[in-house]
Amino acid sequence: MVEITEKDIVNFEKDGVIKIEGAISLNQLEELDHALTAQYLARRKLISKLVSGDSLYLGKTNVWKTDAFFLKFVQQQMFIDLAVKLLKSSRINLLQDIIFVKSANSRQNFVWHHDQIYAPIHGKMVVSFWMATENVTLHNGGLQFIKGSHRWTENISTPPLTPVSKILPQYWLRRKTSNLNSKTVENSDSYSKDNVVSFDLKRGDLLAFQGKVKHRSGPNWSDKIDRRGYVIRYTGDDIKYNPHPDTGVAYQFWNPKLSAGEKMKGPLFPLLYEDSQYLKIESDGPEKGRIWSVLHNKILALRSKPIVN
């Protein structure tokens, strides 16, 4: 059982990110590594080149929806308990899971950004658990964070568009959410360089970070080690469904069956925990006609009035 202290919770709230050592067992690591490698990496090169411009980089979202292993993995009590404590929430929903792989020699680079800008949600209670099946350092594509940046009043715009994303409905009539782009962040006085932190991860460690903390990752300069990573994102009590024009395409491929302002629930954001009870979810399988789902959700986002404080 993984335990975190009150100091860990305070640091999570203050800095927006903490490292939790030894959270994933050796057996789980081997199973996770096998699932990442056998199911996805062998077929990645052409698709990854089209999507990201780098055949050595793979990003795949919502794998829990179509893969039984990941469906079970995201429901582990350990992750839910950690989310409950860090978010101080009585309710936990699944937001998303993603495979992130930077193979040896991948030059894929991600500038300063935060993840919550892509999600069709409103609220503050979001936590991501980022884990790797290999040791991770800055040299092979580890993450950097700006401590405390989740408490900034400004937003931050999205990273540069990938080749495929430029032609998807996500970017039709695209609305800029902020004038604070990644270049502005890099050159601003909003933070001290002393506030930029990174964490060397051993196999089994994980990072827990808040949905709006600013982070980035650079190339994998190693010529031997693949940085195989996996992240699960959970939400807490205050999160409501809030479609908007900057919602990421990955969320639009599925029908959430929610209206703006509703609490998170349903087939895309299933409830995993409420009032001390753990709830089991089952996959409803791949949906048909996904392009129509994208169009429908895009129209909904453009028509919906964003929730404001």
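Residues numbered from 1 in each chain as written. Predicted model: local features only at pLDDT ≥ 70, side-chain atom pairs only at ≥ 80, totals over all residues. Heavy atoms only, no water.

Chemist: Account for the overall build of the protein, with residues named and values stated.
Modeler: Helix and strand counts for the protein stand at 8 helices and 14 strands. The proportion of buried residues among the 309 residues of the protein is 53%. A fraction of 87% describes how many contacts in the protein between residues 6 or more apart in sequence connect residues 24 or more apart. Element-wise, carbon and sulfur atoms account for 53% of the exposed surface of the protein, whose accessible area totals about 14700 Å². (Helix = DSSP H or I, 4+ residues; strand = E, 2+ residues; numbered from the N terminus. Buried < 20%, exposed > 50% of the residue type's maximum accessible area, 1.4 Å probe, protein only. Contact = heavy atoms within 4.5 Å. Areas by Shrake-Rupley, 256 points an atom, 1.4 Å probe, with all protein chains shown as cover.)

Chemist: Which residues make up helix α5 (residues 77-87), and what are the values?
Modeler: Counting buried positions along α5 yields 9 of 11 residues, so the element is predominantly enclosed. Those residues of α5 lying buried are Met78, Phe79, Ile80, Asp81, Leu82, Ala83, Val84, Leu86 and Leu87. Lys88, located one to two residues past α5, shows a positive phi value of around 55°.

Chemist: Go over the nonpolar core with me, naming the residues and quoting the values.
Modeler: Grouped together as the largest cluster of nonpolar side chains are 42 residues, with contacts concentrated most on Phe79, Phe129, Met131, Tyr230 and Tyr234. Leu143, Leu201, Leu207 and Phe209 belong to the second-largest nonpolar core, a separate cluster that totals 15 residues. (Core = buried A, V, L, I, M, F, W, Y, C linked by side-chain atoms within 4.5 Å.)

Chemist: Could you give me a rundown of the confidence of the model for the protein, with the residues and numbers involved?
Modeler: Residue-level pLDDT values for the protein average 83, and 74% of them are 70 or greater. In this model residues 170-179 is a low-confidence stretch, pLDDT under 50, and it forms 25 contacts with partners more than four residues away in sequence or in other chains. (pLDDT = per-residue confidence, 0-100.)

Chemist: A description of the pattern of salt bridges should follow, citing residues and the corresponding values.
Modeler: Pairing between side chains of opposite charge can happen when the charged atoms of each approach one another. Counted under the stated rule, the structure contains 10 salt bridges. Here Lys19 ties to Glu21 by a salt bridge, and the two come within 3.8 Å at their closest N and O atoms. One salt bridge connects Asp226 with Arg228, and the closest N-O pair in it is separated by 3.6 Å. Of the residues examined, Arg228 reaches a relative accessible area of 11% and is grouped as buried. One continuous salt-bridge network, built from bridges that share partners, spans Asp33, Glu134, Asp226 and Arg228. (Salt bridge = Lys/Arg side-chain N within 4 Å of Asp/Glu carboxyl O.)

Chemist: Provide a residue-level description of the sheet that holds strand β7 (residues 143-146), including the pertinent values.
Modeler: Here 4 strands make up an open sheet; going across it, the order is β4-β10-β7-β8 and the pairing antiparallel. Of all strands in the sheet, those with a lone pairing partner are β4 (110-113) and β8 (196-198), marking the two edges. The average undirected angle you get between the axes of adjacent strands in this sheet is 20°. Sheet topology places β7 next to β8; 3 bridges connect them, and they run antiparallel. Note on β8: the bridge partner recorded for Ile146 is Val196. (Pairing = 2+ DSSP bridges. Axes fitted to C-alpha atoms, helices over the stretch in contact; angles between N-to-C directions.)

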